[in-house]
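Coordinate inspection notes
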2 protein chains.
Amino acid sequence: MWGLRLPPTPSPLQMRKKTMKTGFDFNIMVVGNSGLGKSTLVNTLFKSQVSRRSAGWTRDEKIPKTVEVKAVSHVLEEGGVKMKLTVIDTPGFGDQINNENCWEPISKYINEQYEKFLKEEVNITRKKRIPDTRVHCCLYFISPTGHSLRQLDVEFMKRLSHSVNIIPVIAKADTMTMEERQEFKQRVRKELEMGGIEFYPQKEFDEDMEDKSDNDKIREAMPFAVVGSDKEYQVNAKRVLGRKTAWGIVEVENPNHCEFAQLRDFLIRSHLQDLKEVTHNIHYETYRAKRLHENGGLHPTGLCRHGATASLHALDMFQPIIMCPFL
Amino acid sequence: MWGLRLPPTPSPLQMRKKTMKTGFDFNIMVVGNSGLGKSTLVNTLFKSQVSRRSAGWTRDEKIPKTVEVKAVSHVLEEGGVKMKLTVIDTPGFGDQINNENCWEPISKYINEQYEKFLKEEVNITRKKRIPDTRVHCCLYFISPTGHSLRQLDVEFMKRLSHSVNIIPVIAKADTMTMEERQEFKQRVRKELEMGGIEFYPQKEFDEDMEDKSDNDKIREAMPFAVVGSDKEYQVNAKRVLGRKTAWGIVEVENPNHCEFAQLRDFLIRSHLQDLKEVTHNIHYETYRAKRLHENGGLHPTGLCRHGATASLHALDMFQPIIMCPFL
């Protein structure tokens with residue numbers, strides 16, 4: 001259904017079986033102004049009504065007065081593999097007259113999930129499998145203005161790029177002609193570079209030359225200009241997901257129309273596992289190290305409320321526990 | 001070229017001739033976030049490169065850090081009638097992180113033009129024809145979110161609707177399907193009504209039943225969902241203005257594709273004269289009365305700098321001088 005492929009690297013058969021049995025978590029956050037098709041895109045990605053506003057934008061829903069963070073979980077199953085998908089929506093982002101600090105509730109949510117994970121990890125009698133609510137990926141929706149990034153775009157990505165994997169996408173790409181799209185993409189890439197914004201996949205985390213070569217191609221094609229839809233139409237005797245207008249049907253999965261298929265392949269097929277690993281090994285580790293540093297290796301009583309207490313310093317002895325189900 | 005029609009009401013031949021000789025002013029302001037196609041739409045309306053960013057959005061242009069108000073004038077001629085068209089652009093509107101008070105420079109500009117006109121009007125030896133820089137029409141561009149109006153939209157229109165003729169339009173309408181457009185238009189109309197926002201043509205200024213009936217039809221069809229373009233394509237052996245995508249050509253002037261033609265007819269053909277009259281008889285008069293009131297009928301020395309001074313109170317004796325060239 002949503003087209004997950006088990007990772008191409010060889011994995012011990014037993015672990016694979018376990019993953020198939022226990023399933024795995026994937027937590028995706030969507031950020032951007034209202035009306036950029038965030039919910040529709042996530043529903044299109046997973047071919048399921050997984051987003052909060054699953055049945056289309058409810059007609060009487062008002063834009064909230066402050067930024068809210070709302071997580072909704074679903075269990076999806078394909079080919080015997082279960083995925084607990086959590087979609088974290090951020091309604092109200094960028095919709096206020098004054099949007100100062102509107103990234104704060106989002107940053108707070110991301111850190112709270114790290115904190116939760118850390119608390120579980122330091123317990124002496126800890127769970128065999130720590131529930132993972134950490135945000136593995138943040139899709140940031142850029143408005144298809146054809147001009148340049150907005151201050152808020154730059155500010156958000158700059159501030160959050162060191163604590164979460166940000167994947168910028170150009171929303172509602174059907175509003176641009178092919179020339180406009182190419183020009184806009186180029187300008188956005190330049191502005192991201194000039195702003196020193198590191199989006200996923202980050203260059204510094206390429207593991208080897210092959211990795212670098214693959215990721216370079218992806219980075220050069222980013223941000224993907226996408227269109228989402230949950231409606232199907234008949235095109236050349238085939239049912240396709242699309243948007244029907246008086247001048248034609250925009251086909252979501254047609255690479256000549258938009259880059260949805262590229263985004264989906266990148267996100268769900270080739271890099272899902274890596275998104276989880278970078279979250280655990282880089283972003284979470286950064287958070288953890290900062291917390292250790294803050295506590296100076298002392299007994300962080302505030303951290304371990306549930307039963308056993310452990311020195312945060314002692315955590316240094318642990319190898320990071322990769323929660324990846326496929327390894 | 002830009003399709004002006006002399007007004008259908010009978011006008012004395014002599015006055016018509018005079019208008020054709022002297023020409024007339026029309027000042028149109030465009031307001032809305034960057035990237036909503038403001039410049040392109042104005043260029044499409046007048047089939048001319050009249051907007052500041054006439055040669056397409058210049059590639060290295062940055063969004064300004066504050067709202068700017070920039071007026072550019074052109075003389076257009078058609079069928080012997082000259083029009084001095086001034087396009088007032090407002091770059092930076094709604095593009096900041098904090099957009100509080102971003103309507104102020106715009107409101108200030110509008111009032112400054114009234115003040116300028118008033119100063120000329122109170123001069124004892126005044127010009128035969130006062131140059132008219134007053135904003136006759138403010139096109140407000142609503143983002144095609146498919147959701148609802150933004151706080152900033154409501155706030156701007158609420159604050160300015162009593163000092164200028166606001167015509168709300170839904171920008172870049174090719175991003176919506178027909179169903180989405182109808183639904184969005186209906187919702188926007190409802191929100192405008194609930195917000196107590198009076199846009200042009202204002203109900204209270206309908207002059208008679210015929211006027212009311214004509215304007216009711218227009219009001220029920222507003223806000224027009226428009227698409228602009230300065231590119232031509234061959235469609236069914238005809239050259240049409242449009243936007244070419246991989247799935248078809250959006251034809252700007254095709255009423256099945258968008259409502260550009262309706263907006264143009266309304267704005268330039270049927271209501272241009274009325275826009276000028278409402279500006280003069282209502283908005284300017286409101287401003288003038290307020291200024292008179294503030295000055296309490298005393299000699300407003302500050303007002304009449306250039307030569308003769310006159311009591312603002314004395315202005316009450318004057319009939320409003322309609323600068324309309326077609327009457």
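Look a little higher up for the structure.
None of the values given here were measured: they were computed from a predicted structure.

**A short note on the overall build of chain A**
A count of helical and extended segments in chain A gives eight helices and nine strands. Every one of the 327 residues in chain A was classed for burial, and the buried ones make up 57%. Sequence-distant contacts in chain A: of pairs separated by 6 or more residues, those separated by 24 or more amount to 72%.

**Observations regarding the packing of aromatic side chains**
All names here are of chain B. Evaluation of the coordinates by the stated rule reveals 16 aromatic pairs over all chains. Taking 6.1 Å as the distance between ring centres and 45 degrees as the angle between the ring planes, the aromatic pair formed by Tyr-114 and Tyr-284 counts as tilted. Of this pair, Tyr-114 sits in helix H3 (residues 104–122) while Tyr-284 sits in helix H8 (residues 272–295), and the two are 170 residues apart along the sequence. Here the two residues Tyr-114 and Tyr-284 agree in accessibility, since each one is buried. Here Tyr-140 and Phe-156 contribute two aromatic rings whose centre-to-centre distance is 5.1 Å and whose plane-to-plane angle is 20 degrees, an arrangement assigned as stacked. One end of the pair, Tyr-140, is in strand S4 (residues 137–142); the other, Phe-156, is in helix H4 (residues 151–160), with 16 residues separating them in the sequence.

**Section: the interface of chain A and chain B**
With 46 residues of chain A at the contact, the number on the chain B side is 46 residues. At the boundary of chain A with chain B, the tally comes to two salt bridges. B:Arg243 is the partner of A:Glu180 in a salt bridge, and the nearest nitrogen-oxygen pair spans 2.7 Å. At the junction of chain A and chain B, the tally comes to 12 residue pairs in polar contact (both at pLDDT 80 or more).

**Things to note about the sheet that holds strand S9 (residues 248–251) of chain B**
All names here are of chain B. Read across the sheet, three strands follow the order S7-S8-S9 without closing on themselves; strand pairing throughout is antiparallel. Since the sheet does not close on itself, it has two edges, and those belong to strand S7 (232–235) and S9, each with one partner. Mean inter-strand twist for the sheet, computed between neighbouring axes without regard to direction, equals 65 degrees. Where strand S8 (residues 238–245) lies against S9, four bridges are found, and the strand directions are antiparallel. Among the inter-strand pairings, Arg-243 is bridged to a residue of S9, identified as Val-250.

**Observations concerning the relation of the copies chain A and chain B**
Least-squares fitting of chain A to chain B yields an RMSD of 0.0 Å, with the superposition described by an axial translation of 0.0 Å and a rotation of 180 degrees. Look at the turn and shift together and you get a two-fold axis relating the two. Identified as the residue of chain A closest to the rotation axis by C-alpha distance is A:Asn98, at 2.0 Å. An overlap of 100% is found between the interface residues of chain A and their copies at the interface of chain B, pointing to a shared contact surface.

**Considering the pattern of salt bridges**
For side chains bearing opposite charge, pairing can occur when the charged atoms are close. For the structure on display, the rule yields 48 salt bridges over all chains. We note a salt bridge from B:Arg264 to B:Asp265, for which the minimum N-O separation is 3.6 Å. Residue classification places B:Arg264 among the buried positions, given a relative accessible area of 10%. For B:Asp265, a relative accessible area of 31% translates into the label partly exposed. Shared partners join several salt bridges into a network, and the residues in it are A:Lys47, A:Glu253, A:Arg264, A:Asp265 and A:Arg269.

Cut-offs applied
- Residues numbered from 1 in each chain as written.
- Chains lettered and ligands numbered in written order.
- Predicted model: local features only at pLDDT ≥ 70, side-chain atom pairs only at ≥ 80, totals over all residues.
- Heavy atoms only, no water.
- Helix = DSSP H or I, 4+ residues; strand = E, 2+ residues; numbered from the N terminus.
- Buried < 20%, exposed > 50% of the residue type's maximum accessible area, 1.4 Å probe, protein only.
- Contact = heavy atoms within 4.5 Å.
- Phe/Tyr/Trp six-rings, centres within 6.5 Å; stacked < 30°, edge-to-face > 60°.
- Salt bridge = Lys/Arg side-chain N within 4 Å of Asp/Glu carboxyl O.
- Polar contact = N/O pair within 3.5 Å; in protein donor to acceptor, adjacent residues only side chain to side chain.
- Pairing = 2+ DSSP bridges.
- Axes fitted to C-alpha atoms, helices over the stretch in contact; angles between N-to-C directions.
- Least-squares fit on C-alpha atoms with pLDDT ≥ 70 in both.

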